[in-house]
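Now for the letters of each chain:
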Amino acid sequence: MQYRLRRHDGEYRWISDSGVPRYDAQKNFAGYIGSCMDVTELINKEQALRESEERMSLAADAAGLIMWTWDIRRDEVSLSDKDRAFFGFSPREKLNGDRVRSVVHLEDRQFVRHLVENSLRTREELEAEYRVVLPDGKVRWVTRRGRVEFDGNGEPICERGVLMDITERKQAEEKFRLATEASPSGIILVNDRGHIVLVNSQIEKLFGYQREELVGEPVEILMPERFASQHPDHRAEFVAAPTARAMGAGRELFARRKDGSEFPVEIGLNPIQAPDGILVLAAVVDISARKLAEAEALRRREELGHLSRVAVMGEMATSIAHELNQPLAGIISNASAGQRFIDRGNVDLGELRDLLADIVADGRRAGDVIRGVQSMVKKGAPARQRVNLNDLVMNVVHMVKPNAVHHSCEMETLLDPNLPPIEADPIQLQQVLINLVINAFDAMCNTPLSRRKVVIATEQNGDGGICMSVRDYGTGIPDQARERLFDHFFTTKAKGLGMGLGIVRSIVKSHAGTVAAENVDGGGARFHITLPASAAAL
Amino acid sequence: MRIPPKSLVFAIDDDASVRKGLARLLRSAGYKSEIFESASDFLARPPHGGPSCVIVDVQMPGINGMDLQETLIQHRREEQLVFITGHGDIPMCAQAMKAGAVDFLRKPFRDDELLQSVQNALIRSADQRRRSAEKNEARRLVDLLTSREFEVMQLVITGMLNKQIAGELGTAEKTVKVHRGRVMQKLRVTSVAELVGLVQRACVAPVRKQ
């Protein structure tokens, strides 16, 4: 019997008292023999245990956990009434392993049986996700964690465990999987150690791997060697400051297929905060086709640029002929004069030397003209170099001079002597300027002779950039032409191709500059071209 | 090729190479020349008093070749023009030739081609100068006649006899004979044929028909 005693200090202690009656030989009662034991601690512990079990059960309930125990020796499963109801077991029904297993989804039953057998053999903790079918026929996903306890002989006594309904999570996962699979981009999920957690079928297609070959592998196997070595550092940086962004902004990225071949990619990175660390979701887009298209577009643009240069050359044919004929006239006159001096027998050697020097100079001059023409009509990639815009302007003024004379037009330059050099393709910029100047000439067909003037100005625009403008005194830009002014094949001229200003814009754009047009007070139009002092690469 | 005496060739071109080449070529062929960078520079120079040829570029800033031709015509100048051009503009060529240019050459021109044109121009210029000098001389002599003598002269060159002239003018045949003698003396001619030639050079209308 157990009862409480009041100790001298007033504290109550639980006593377990047991006694056995003693009888003498005559079978007379001789009193009790027994012992008293202070079991206060034990009682307290039991109570604590009971309370903790209640609390556990409450907590489990609140968390939607199902706690169960399987007495293996008696093949008896204990489950709370509430949980029995969940699975459709009656409160008094005797539950054994088979009965409990009957709620497992038919397709998963074999798997669960193996799992349990395995756990009994290896004595390891059991952990699995599978489906159960509820009385109403609904399928729910559960996760099961259990531990088997063994006696001293290594025989299994019981398994205790919890089940948790993870249907929502599974559905979310399935949605994620479906979304991932449906994505037109390749999707790779990488954990914070750089190992691949998940890939979609696009990745299989892009890289030529089966997903089983990828999951668990370091993500670096998808990169060419030259990128793979630095990648762990980049990964560490990303994990340290995880924000959604494009990978390797400004750099060209390449991916490596299973067969070792490479292809250009664009990769978007998204951090996903998961319980066990940061996962990185990488969206991989194969941009081979886009790169090809870009190359094709560039080629087309160059082709168009070339055509328009040829067209400009056509317009400038008179000018070029003139430019060549001048030195040729000089050469022939001088050479003929030399022959005559010699024939007459009174050669002044000093004079002859001057004469020959002039011939050489004129020859060079003709050569320069030809080179200029060749460079204008030459096909090929643009070449950047340091360009002094003022020199370029003076060159163009010289080139178009015969055209200016032909149009009875004055040319004026207002050049900033302190202009910094810029990185540019001189041929292309020359073309820009020639196109603008030729347009200016054309715009002044109906301007009185005394007012025909083209003004080319250069200046620094304060923020380190350079501004170049071409102003005419012509008809100005008609309102209806304003919007389409820089479009290819748009023209207001009777015989125009509509390429001049389009080319101007694409060239200026490729130099990271801008071009704008305005009508000026006092008549005519002005075209402004702004270029950064050091135009960035294409 | 004989160069007319006192000839002078002017070359106007805005291109220094062409100017220098022309100057040498002309000198090598024995011509005296002066070169100018622009037409206005040339016009600022007093006209040359001898056969002159002007080689001028069609396309020049300011006054171009065509403008110069017009200016020279307006001022009745006697310089003969040879145009040179780097363009070979056909309509301009036609216009220049119609207005009396000696030649219209495309650059680069052949030396003999140019020199031939220059020579032609100088000869034409010399002829014109001579004709013009003769005309001036004839007019000077004609101006010496009194109005009565002039009337008699006008009738003499139509081939009328003294008697007929006297009838025409209502005067005595003797008087006509005196006037006729003075005319021949003043105009320094000895025959009616010579008289007719001189009057033609002076561009005097032969008759005033009744």
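Residues numbered from 1 in each chain as written. Chains lettered and ligands numbered in written order. Predicted model: local features only at pLDDT ≥ 70, side-chain atom pairs only at ≥ 80, totals over all residues.

Draft legend 1. Structural view of the overall build of chain B. A count of helices and strands for chain B gives nine helices and five strands. Sorting the 210 residues of chain B into buried and exposed places 36% on the buried side. Taking the contacts inside chain B whose residues are at least 6 apart along the sequence as the reference set, 63% of them involve residues at least 24 apart. (Helix = DSSP H or I, 4+ residues; strand = E, 2+ residues; numbered from the N terminus. Buried ≥ 20, exposed ≤ 12 C-beta atoms within 10 Å, placed from the backbone. Contact = placed C-beta atoms within 7 Å.)

Draft legend 2. Structural context of the overall build of chain A. Looking only at helices and strands, one finds 15 helices and 21 strands in chain A. Taking all 538 residues of chain A together, 23% fall into the buried category. Taking the contacts inside chain A whose residues are at least 6 apart along the sequence as the reference set, 54% of them involve residues at least 24 apart.

Draft legend 3. Highlighting the confidence of the model for chain B. In this model, chain B carries an average pLDDT of 88, and 96% of its residues clear a pLDDT of 70 or more. The complex model carries a pTM of 0.50, and its ipTM stands at 0.76. (pLDDT = per-residue confidence, 0-100.)

Draft legend 4. Examining the nonpolar core more closely. Core analysis: the largest hydrophobic core is formed by 82 residues, its most contacted members being Leu433(A), Val437(A), Ile55(B), Val82(B), Phe83(B) and Val118(B). A total of nine residues in this core trace back to one element, the largest contributor, which is helix H14 (residues 426-443) of chain A. Once residues lying within four places of it in the same chain are set aside, the contact partners of Phe83(B) are Val56(B), Val58(B), Gly65(B), Ala96(B), Ala101(B), Phe104(B) and Leu105(B). Of all hydrophobic cores here, the second largest spans 18 residues; its members include Ile188(A), Leu189(A), Val199(A) and Val265(A). (Core = buried A, V, L, I, M, F, W, Y, C linked by C-beta atoms within 7 Å.)

Draft legend 5. Structural view of the packing of helix H6 (residues 147-156) of chain B against helix H7 (residues 162-169) of chain B. Residues and elements named next belong to chain B. Packing of H6 against H7 brings their axes to within 10 Å, and their N-to-C directions diverge by 130 degrees. Regarding the angle of H6 to H7, the classification is oblique. Like other packed secondary-structure pairs, H6 and H7 cross with a definite hand, here right-handed. Between H6 and H7, the residues in contact are Glu151, Val152, Leu155 and Val156 and Ile165, Glu168 and Leu169, respectively. (Axes fitted to C-alpha atoms, helices over the stretch in contact; angles between N-to-C directions. Parallel < 35°, antiparallel > 145°, perpendicular 65-115°, else oblique. Left-handed = near helix turned anticlockwise from the far one by under 90°.)

Draft legend 6. Region of the structure containing unusual backbone geometry. With omega at -5 degrees, the peptide bond leading from Lys107(B) into Pro108(B) counts as cis. Not every positive phi belongs to a glycine, and Lys27(A) is a case in point at roughly 60 degrees. Here Lys27(A) shows up in the loop between strand E2 (12-23) and strand E3 (29-38). Non-glycine residue Lys6(B) carries a positive phi angle of around 60 degrees. Turning to its location among the elements, Lys6(B) is positioned in the segment before strand E1 (8-12). Residue Lys6(B) is classed as partly exposed on the basis of its C-beta count, with 14 C-beta atoms lying within 10 Å.

Draft legend 7. View of the environment of Leu436(A). Residues and elements named next belong to chain A. Mapped onto the elements of the fold, leucine 436 is located in helix H14. C-alpha separation for the pair leucine 436 and phenylalanine 527, spaced 91 residues apart in sequence, amounts to 7.6 Å. Excluding residues that lie within four positions of it along the chain, leucine 436 makes contacts with Val470, Val504 and Phe527.

Draft legend 8. Highlighting the sheet that holds strand E5 (residues 103-106) of chain B. All names here are of chain B. Taken in spatial order, the five strands make up an open sheet running E2-E1-E3-E4-E5, and their pairing is parallel. Bordering the open sheet on either side are strand E2 (33-36) and E5, each of which pairs with just one other strand. Each neighbouring strand pair of the sheet contributes to a mean axis angle of 20 degrees, computed without reference to strand direction. Sheet topology places strand E4 (residues 80-85) next to E5; four bridges connect them, and they run parallel. By the bridge assignment for E5, valine 82 is matched with aspartate 103. The sheet strands contacting helix H1 (residues 16-28) are E1, E2 and strand E3 (52-57), and the helix crosses E2 at an angle near 175 degrees. (Pairing = 2+ DSSP bridges.)

Draft legend 9. The interface of chain B and chain A, seen in detail. Listed per partner, the contact involves 20 residues of chain B and 22 residues of chain A. Looking at the side of chain B that touches chain A element by element, the count peaks at nine residues for H1(B). For the side of chain B that touches chain A, the class distribution of residues is eight nonpolar, six polar and six charged. (Nonpolar A, V, L, I, M, F, W, Y, C, P; charged D, E, K, R; others polar.)

Draft legend 10. Representation of the environment of Glu124(A) within the structure. Positionally, Glu124(A) belongs in the loop between helix H4 (106-122) and strand E6 (126-133). C-alpha of Glu124(A) to C-alpha of Arg147(A): the two residues are 23 residues apart in sequence and 7.3 Å apart in space.

Draft legend 11. Quick peek at the sheet that holds strand E4 (residues 65-71) of chain A. All names here are of chain A. Read from one edge to the other, the open sheet built from five strands follows the order E5-E4-E8-E7-E6, with strand pairing classed as antiparallel. At either margin of the open sheet sits one strand with a lone partner, and together these are strand E5 (76-79) and E6. The sheet shows a mean angle of 25 degrees between the axes of neighbouring strands, direction not considered. The pairing of E4 with E5 spans four bridges and is classified as antiparallel. Note on E5: the bridge partner recorded for aspartate 71 is glutamate 76. Together, E6, strand E7 (139-150) and strand E8 (156-165) form the strand contacts of H4, whose direction differs from that of E6 by roughly 155 degrees.

Draft legend 12. Spatial organisation of the packing of H7(B) against helix H8 (residues 173-186) of chain B. Residues and elements named next belong to chain B. One way to put it is that H7 packs onto H8 with a least axis distance of 8 Å and a crossing angle of 110 degrees. Regarding the angle of H7 to H8, the classification is roughly perpendicular. Of the residues in H8, those touching H7 at Asn162, Lys163, Ile165 and Ala166 are Glu173, Val176, Lys177 and Arg180. Residues belonging to the contact of H7 with H8 are distributed by class as follows: three nonpolar, one polar and four charged.

Draft legend 13. Quick look at helix H13 (residues 389-406) of chain A. Residue and element names in this part refer to chain A. For H13, which comprises 18 residues, the first-to-last C-alpha distance of 25 Å matches the rise-based estimate of 26 Å (1.5 Å per residue) to within 8%. In the structure, H13 departs most strongly from a straight axis at valine 400, where the bend amounts to approximately 50 degrees and where the proline proline 402 lies between one and four residues downstream. Inspection of H13 places Leu389, Leu392, Val393, Val396, Met399, Val400, Pro402, Ala404 and Val405 among the buried residues, and these make up the whole buried set. (Expected span 1.5 Å × (residues − 1). Bend = angle between axes of the 7 residues up to and from the residue.)

Draft legend 14. Up close: the pairing of E4(B). Residue and element names in this part refer to chain B. Burial analysis of E4 places six of its six residues in the buried class, the great majority of the element. Across the two faces of E4 the burial is the same, with Gln80, Val82 and Ile84 and Leu81, Phe83 and Thr85 all buried. Of the strand pairs in this sheet, E3 and E4 are connected by five bridges, and their pairing is parallel. Bridge pairing in E4 places cysteine 53 opposite glutamine 80. Tracing the backbone out of E3, into helix H3 (residues 65-74) and back to the parallel element E4 gives a crossover that is right-handed. (Right-handed = clockwise from strand over helix to strand, strands pointing away.)

Draft legend 15. Layout of the environment of Gln128(B). As for its placement among the helices and strands, Gln128(B) is situated in helix H5 (residues 111-142). Through-space distance from the C-alpha of Gln128(B) to that of Pro51(B) is 8.6 Å; in sequence the pair is 77 residues apart.

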